[in-house]
Amino acid sequence: ETFYRATLCRCGLSQNKPFCDNAHIKAGFTATGEPPLKDTPALEARDGPLRIAPTVNGPLKLEGNAEIVTGTGHTIARTTKVFLCRCGHSANKPFCDGSHKRVGFVA
Ligand code: FES
């Protein structure tokens, strides 16, 4: 399928991973807040294929031209490879910080 924007689960509770199904609302999930803003250099291209693959009981691995935008509309990363938390326990959301191992996340 082709997506230009997608809302990905980061609370770990969606029944439709890697996509959000609003399970976070019922669960009362709270995020860690917005990551610090920093300058991220523009990518050479903004289009092209983006591969999103869940790792085994771990984060989502994104490969391809990607821009990560916060809920308030700030672009916090422009990257061609990034691991995004899907267990809900990272202290550095939306990025994986390895906490999935500590909490024994099972996808
Ligand atoms: S997937 Fe949540 S910390 Fe790695």
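Everything below is about the structure printed above this text.
Residues numbered from 1 in each chain as written. Predicted model: local features only at pLDDT ≥ 70, side-chain atom pairs only at ≥ 80, totals over all residues. Heavy atoms only, no water.

A. Looking closely at unusual backbone geometry. With an omega of 10°, the peptide bond between Lys-93 and Pro-94 qualifies as cis. Relative to the helices and strands, Pro-94 is located in the loop between β3 (75-84) and α2 (99-103). In this structure, Asn-22 is a non-glycine residue whose phi angle is positive, near 70°. Even without being a glycine, Asn-57 presents a positive backbone phi close to 50°. Along the chain, Asn-57 turns up in the loop between β1 (51-54) and β2 (60-69). (Helix = DSSP H or I, 4+ residues; strand = E, 2+ residues; numbered from the N terminus.)

B. Structural view of the pairing of β2. Looking at chain direction, β1 and β2 are connected through four bridges and run antiparallel. When the bridges of β2 are listed, Arg-51 appears paired with Glu-63. The loop that links β1 with its antiparallel partner β2 comprises five residues; one of these, Asn-57, has a positive phi angle of about 50°. Hairpin connection from β2 to β3: five residues lie between these consecutive antiparallel strands, with Gly-73 at a positive phi of about 90°. (Pairing = 2+ DSSP bridges.)

C. Quick peek at the pairing of β3. The pairing of β2 with β3 spans eight bridges and is antiparallel. Directly across from Ile-68, in β3, lies its bridge partner Ala-77.

Bear in mind that shape data such as this cannot, by itself, settle questions of function.
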